[in-house]
Each structure stands twice: as C-alpha cells, then as structure tokens.
Amino acid sequence: MRSKRAHRDAKHWGKRSRKKTAVLLLCCICLSAFWLSGCGTKDITGEIDLDRVYEANKTSNLLQNHRSIRQTVGSEDFTVYIDRERYFYELGDDYRQLVGDDFSFVYYDGKFSGVLYADSGKYRETYTSIFLTDSFREETLVSATDDGTQIHLKTQYDAKQDEPDLGLSKGDHCDYVYVLDSKTYELIEGRQTLTDADGKMTVDYRSKITYDTPLPKEAAEMEERSKPDTDLRTLTVVLDPNTKKEKVYSRTVRKGDYFSVVIPDGYTMYEDEDCTIPYEEDLDDNEHHLLLFAKPSA
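Asker: Explanation requested: helix H4 (residues 217-226) in the structure shown.
Answerer: An α-helix turns once per 3.6 residues; consequently, residues spaced three or four apart project the same way. Residues Ala219, Met222, Glu223 and Ser226 constitute the buried set of H4. The arc enclosing the buried residues of H4, seen along the axis, measures out at 100 degrees, which places them on a common side. Exposed and oriented more than 90 degrees from the buried face of H4 are Lys217 and Glu224. In the core, the buried residues of H4 are packed alongside strand E4 (87-91), strand E5 (95-99), strand E6 (103-108) and strand E14 (247-254).

Asker: Would you mind showing me how to read the pattern of salt bridges here?
Answerer: Enumeration according to the criterion identifies nine salt bridges in this entry. Its salt-bridge partner being arginine 86, residue glutamate 85 comes within 3.0 Å of it at the nearest N-O pair. Notably, a salt bridge pairs arginine 225 with aspartate 257, separated by 2.8 Å at the nearest N-O pair. Of this pair, arginine 225 sits in helix H4 while aspartate 257 sits in the loop between E14 and strand E15 (258-262), and the two are 32 residues apart along the sequence. Under the relative-accessibility criterion, aspartate 257 is labelled buried at 4%. Overlapping salt bridges, with partners in common, bring together Asp83, Glu85, Arg86 and Glu223 in one network.

Asker: Can you help me understand the nonpolar core in this one?
Answerer: One broad rule of soluble globular proteins: the nonpolar side chains tend to lie buried together. Within the largest apolar cluster, 34 residues are counted, with the highest numbers of intra-cluster contacts made by Ile48, Val53, Leu132, Phe136, Leu153, Tyr178 and Leu187. Elements with a minimum of two residues in this core: helix H2 (50-56), helix H3 (59-65), strand E2 (68-73), strand E3 (78-83), strand E9 (150-158), strand E10 (173-181), strand E11 (187-195) and strand E12 (201-211). Those residues within four positions of phenylalanine 136 in sequence are excluded, and the remaining contacts are Leu50, Val53, Tyr54, Leu153 and Tyr178. Residues Ala118, Tyr249, Phe259 and Leu290 belong to the second largest nonpolar core, which totals 23 residues.

How each quantity is defined
- Residues numbered from 1 in each chain as written.
- Predicted model: local features only at pLDDT ≥ 70, side-chain atom pairs only at ≥ 80, totals over all residues.
- Heavy atoms only, no water.
- Buried < 20%, exposed > 50% of the residue type's maximum accessible area, 1.4 Å probe, protein only.
- Helix = DSSP H or I, 4+ residues; strand = E, 2+ residues; numbered from the N terminus.
- Arc of directions from axis to C-beta.
- Contact = heavy atoms within 4.5 Å.
- Salt bridge = Lys/Arg side-chain N within 4 Å of Asp/Glu carboxyl O.
- Core = buried A, V, L, I, M, F, W, Y, C linked by side-chain atoms within 4.5 Å.

Pasting the structure below:
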C-alpha cells in the first residue's frame, strides 16, 4: 500500500514529466520547422537580379572597392591577379603573363618576350570580368538561395551554335554555380561544368576569388624584369607622324628579350618617317634601338 508521501511524490513527478514532454515536443516542432525552412536559408529565385550580379563583378567596379582581385583555380595551377595597374596570369610553372596599359610581358618555356601596344585603348581593361563570361546575362536562372551571408546562385547555358570566344561548340551544355556575398553580390567562389553534345563532361572548372591580396611574388619578379636598368634598348612607335593626331608610344626593354609591336587595325608600319618603306618584323635583332612609324593603310 502506497503512503501519502509516495502518492504526493508520484503526482509531483507526473506533473514534471508532463512538463518536460511538452517542452521537448515544442523543441522538436521548432527544430523541424527550422530544418524544413532550410536552416534559415531563403529562396530568392524570383528576386535575384542577374544584371546586378554582372555589374557588381565587372573588374572596373570591383577595383573601385578593392585594391586587387585574385582568382585561383584548383591547387593554384592557374592564377589570375588584377589590380589598378596590372593584370597577371599564371598557368603552372611554364607560362606567366604580365599586362599593363600598353604592354604585355610573357615568360614561356624559360624565355621572356613582350608586346608593345601602340593603340588608343588600354589592353588591361579588355578583361571585363575575372570570372563571369559575356554570356552570363543570357544564362538561364535555375535557383538562388540566400542564407544571410552568402547567395548560392545556379544557372545553365546551352550553346545553340559554335562560340569559339567562349570555348563552346554547338550542343554544349554548361551548368554554373556562383557563391556571392549577400550584401555586395561580389563573387566568392564559382564552378562551371561543361557537357558536350554526346553527354560527356569535358570541363569541371572551380574557382576561388579573394580581394585585397598582395601582388604575387612571380608577378613582382616579372615586373622587375620588364623594367630593366642595364642592357637597355628602346622601342618607339609613332602613329600618324607629322599630323595633328600624331602620338608616340615608347618602352625601354632589355636587350635580347623579343618584343613585337601591335598597332591599330587598318594601320601599316614603316621604317621611315615619310612612311614609304614598309617594316619587316624579322629585321629586328632584339639588340638595337627600334624606331617605327605607322599610318592608316592606303
């Protein structure tokens, strides 16, 4: 026979037990709702603005907010670095390219060479975006979610014809995943997979993008090489000589380093100021000063 105390204890324990059960049940309901809602992640597929993403990741816009942009692919076998003065590209240990506003300097297979761009544009600025391609705004939006810190954006693109500038053939299918900063829309990571018309995956390209990083050591070494203080020769190109549009491009380079010259479309280079003797590039021995003239082709 149970005592009154035992009865009171059992009644008290029953109330505590029911209270605990109610609390646990409430917790389970809240956790279930939390997980079902994607751990706080919001579906913004119907709200995301691809034009805003594209504009936010233009190189010119990014460099208004950051000193530099760096993209690494895989185990850093492929690196792209851009700041307000230069563009640097590295592929493994065999190929590096340093680009300024009017020149490009290349290290390949143990040798240095370069290009002097004698035209009106800035070669470095042709790199519109460090990761997004020109087809980005034509990609089909698949989904977009925002967890408050990062946006995960998925798109796809089908090549309806050969597109050599994008490295695509007719029938290729591309899937893209972009990870963006929720506030700025700036890219943090990106992935592209490409499946050909036969259903074979031919590309799996993953990138990580960082900002305000220092100039890579290899780029600094190339820059020092591209601005020598000994064994010098000077390359000079005069566009539209003896006219109101005359403009002079000049660069000092190291003797022995091969340099070529790029002039505007529709122009011809000459050895003489009167532009009567066409220049033949193989005449340059990479050891002496070079003075050239260029005017529109007849």
